[in-house]
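Here is how the chains run, residue by residue.
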Amino acid sequence: MTPAILIEGLAKSYGGNPVVKDVSLEVPTGHVLGLLGPNGAGKTTTVKMVSTLIRPDSGRVLVCGYDVVRQAGEVRSLIGLTGQYASVDEDISGWENLYVIARLFNFPRRRARARADEMLERFQLTDVGTRAVGRYSGGMRRRLDLAASLVGSPRVLCLDEPTTGLDPHSRNAMWAEVRRLADQGTTVLLTTQYMEEAEALADSLVVIDRGQVIARGRTAELRARLGGQVLRIRPERPVDSAELRRALEGRGYAVALADEETGQIRLPLSGDGAQLTDVVRAVGQSDIPLAGLDVRIPSLDEVFLTLTGADGASQAQSEVLPARSAV
Ligand SMILES: Nc1ncnc2c1ncn2[C@@H]1O[C@H](COP(=O)(O)OP(=O)(O)OP(=O)(O)O)[C@@H](O)[C@H]1O
Ligand SMILES: [Mg+2]
């Protein structure tokens, strides 16, 4: 079956500066793909290429089989876009924005009016429908943005950070709406900086950093693969940290210093009970006095930070990036 979105070897530079480098991914029809990455990773640039707003330098993007460069018109008729920044007109009312968009989709006047009413209702904006958008709150604007991108009943919806800046209530409402659309078969490409959002909405994830894919997989798999249990050991005297590490590394464990000041070290666990026993035995034999030892599951945000590492090096890359997977 033709995927709703197919991206192959996509690249884009600005002034000789590559911001998207060789990105490939596939979004099957009806799936929600979360494109996750820190500021400046290239998310918006990728979404803009998918939605025909900018041209790729190389590689190709097909939306429902149509090429975004050669068949941009067809692509535009199939997609909806909620950009990172509000794209609605501030000087006119919410209703007028929706009406104008419906007319641009060639709805006859009467149907365009009905569609504007319907969308206001669906996004709980009827009460403020006649008010100029310039006087909307951030949450209202975001909802109007989403409503605007849905006027033409798109088969593929691109959402660029749909909930940034929303309060928890508006965020949940937005999530519910996205889920409802996905359940009805709309394919969604969603960018976000929040693991939590990705986990709430996405069937699969692609993590990008500096224009490159650094991890991908089904959301639950990635979570399991990256977010497994971690054993944290804190020696009473920070100086003992090095010896503790040697003792564990000597038994073949991958150990990382988690905190210089306290000397806390971290060791990813495989989930095998015998392993934990062995680690504890090794620590016991080293006879180093401990201040703390616990097992915990890292939050998704921690996983994300590890992946995109503040030091720039995508430390976990080789470990988490399978050869071109189906995502
Ligand atoms: N029109 C442009 N001209 C020059 N550089 C640009 C342009 N648009 C984006 N960039 C640069 O490309 C890089 C990627 O930007 P992009 O907007 O795609 O990132 P992002 O992942 O969406 O980030 P954010 O989370 O902040 O929205 C950034 O370094 C940005 O400065
Ligand atoms: Mg962006």
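This structure is a prediction, so every number in the text was calculated from the model and none was measured. (Residues numbered from 1 in each chain as written. Chains lettered and ligands numbered in written order. Predicted model: local features only at pLDDT ≥ 70, side-chain atom pairs only at ≥ 80, totals over all residues. Heavy atoms only, no water.)

Regarding the overall build of the protein
Regarding its fold elements, the protein presents twelve helices and 14 strands. A fraction of 68% describes how many contacts in the protein between residues 6 or more apart in sequence connect residues 24 or more apart. Carbon and sulfur atoms make up 48% of the accessible area of the protein, which totals about 15800 Å². (Helix = DSSP H or I, 4+ residues; strand = E, 2+ residues; numbered from the N terminus. Contact = heavy atoms within 4.5 Å. Areas by Shrake-Rupley, 256 points an atom, 1.4 Å probe, with all protein chains shown as cover.)

Quick look at the packing of helix H5 (residues 138-150) against helix H6 (residues 168-183)
Put simply, H5 and H6 touch, their axes get as near as 11 Å, and they point 15° apart. In terms of axis orientation, H5 runs roughly parallel to H6. By crossing handedness, the relation of H5 to H6 is classed as left-handed. Where H5 approaches H6, its residues Arg142, Arg143, Leu146 and Leu150 are matched on the opposing element by Ser170, Met174, Glu177 and Leu181. (Axes fitted to C-alpha atoms, helices over the stretch in contact; angles between N-to-C directions. Parallel < 35°, antiparallel > 145°, perpendicular 65-115°, else oblique. Left-handed = near helix turned anticlockwise from the far one by under 90°.)

Here's the deal with the packing of aromatic side chains
This structure, assessed with the given rule, holds one aromatic pair. Relative to Tyr99, the ring of Trp95 lies with its centre 5.2 Å away and its plane at 10°, an arrangement referred to as stacked. On the criterion of helical spacing, the pair formed by Trp95 and Tyr99 is a turn pair, its members being four residues apart in helix H3 (residues 94-104). By relative accessible area, Trp95 is classed as partly exposed at 22%. By relative accessible area, which is 16% here, Tyr99 ends up buried. Looking at Arg111, its charged tip hangs above the ring of Phe107, at a distance of 4.4 Å from the centre. (Phe/Tyr/Trp six-rings, centres within 6.5 Å; stacked < 30°, edge-to-face > 60°. Buried < 20%, exposed > 50% of the residue type's maximum accessible area, 1.4 Å probe, protein only. Lys NZ or Arg CZ within 6 Å of the ring centre and 35° of its normal.)

Examining a nonpolar patch on the surface
A surface patch of nonpolar side chains, about 210 Å² in accessible area, is lined by Val280, Leu290 and Leu293. Secondary-structure assignment places Val280 in helix H10 (residues 273-286). In this structure Val280 comes out as partly exposed when scored by relative accessible area, which is 40%. (Patch = residues over 30% accessible without salt bridge, like charges linked within 9 Å, V, L, I, M, F, W, Y side chains within 5 Å. Salt bridge = Lys/Arg side-chain N within 4 Å of Asp/Glu carboxyl O.)

Digging into the confidence of the model for the protein
Looking at the protein, pLDDT values average 87 and 88% of them are 70 or higher. Low pLDDT (under 50) marks residues 311-327, which in the prediction has 34 contacts with non-local residues, meaning those over four places away or in another chain. (pLDDT = per-residue confidence, 0-100.)

Quick word on unusual backbone geometry
The phi torsion at Cys64 lies on the positive side, around 50°, for a residue other than glycine. Looking at where Cys64 falls in the secondary structure, it is placed in the loop between strand E4 (58-63) and strand E5 (66-67). For Cys64, a relative accessible area of 18% puts it in the buried group. With a phi close to 45°, Glu161 is a non-glycine residue in the positive phi region.

Some details on the sheet that holds strand E12 (residues 256-259)
With antiparallel pairing, the four strands of this open sheet are ordered in space as E12-E13-E11-E14. Edge positions in the sheet fall to E12 and strand E14 (290-296), since each has one partner strand and no second. Between one strand and the next, the sheet's axes are offset by a mean angle of 25°, whatever the strand orientation. Relative to E14, strand E11 (residues 230-235) runs antiparallel, the two being bridged by six bridges. Each residue of the ladder has a partner; that of Ile233, found in E14, is Leu293. The strands that helix H9 (residues 241-249) touches are E11, E12, strand E13 (264-268) and E14; relative to E13, the one it contacts most, it runs at about 20°. (Pairing = 2+ DSSP bridges.)

Topic: the site of ligand 1
Around ligand 1 there are 13 residues in total, and Asn39, Gly40, Lys43, Thr44 and Thr45 lie nearest to it. Gly40 is positioned with one of its backbone polar atoms (N or O) 2.8 Å from an oxygen atom of ligand 1. Between ligand 1 and Ala41 there is a distance of 3.1 Å, counted from an oxygen atom to a backbone nitrogen or oxygen. Protein contact buries 60% of the 630 Å² of open area that ligand 1 shows by itself. In terms of residue count, the dominant contributor to the shell around ligand 1 is helix H1 (residues 43-50) (three residues). (Near = heavy atom within 4 Å. Polar contact = N/O pair within 3.5 Å; in protein donor to acceptor, adjacent residues only side chain to side chain.)

What about the pairing of strand E8 (residues 187-192)?
E8 sits mainly inside the fold: six of its six residues count as buried. Along E8, one buried face is formed by Thr187, Leu189 and Thr191 and the opposite face, lined by Val188, Leu190 and Thr192, is buried too. In this sheet, E8 lies alongside strand E3 (residues 32-36) in parallel orientation, the contact comprising five bridges. Residue pairing for E8: Leu36 is matched across the bridge by Thr192. Pairing analysis gives five bridges linking strand E7 (residues 156-160) to E8, with the strands arranged parallel. Bridge assignment links Cys158 to a residue of E8, and that residue is Leu189. As for the winding sense of the linkage, the β-α-β connection from E7 through H6 to E8 is right-handed. (Right-handed = clockwise from strand over helix to strand, strands pointing away.)

Quick notes on H5
Under the 1.5 Å per step criterion, the end-to-end length of H5 is 19 Å for 13 residues, consistent within 8% with the ideal 18 Å. Most of H5 sits out of view: eleven of its 13 residues are buried. Among the residues of H5, Gly139, Arg141, Arg142, Arg143, Leu144, Asp145, Leu146, Ala147, Ala148, Ser149 and Leu150 are the ones counted as buried. In this structure, the buried side of H5 is in contact with strand E6 (79-82), H3, helix H4 (109-122), E7 and H6. (Expected span 1.5 Å × (residues − 1).)

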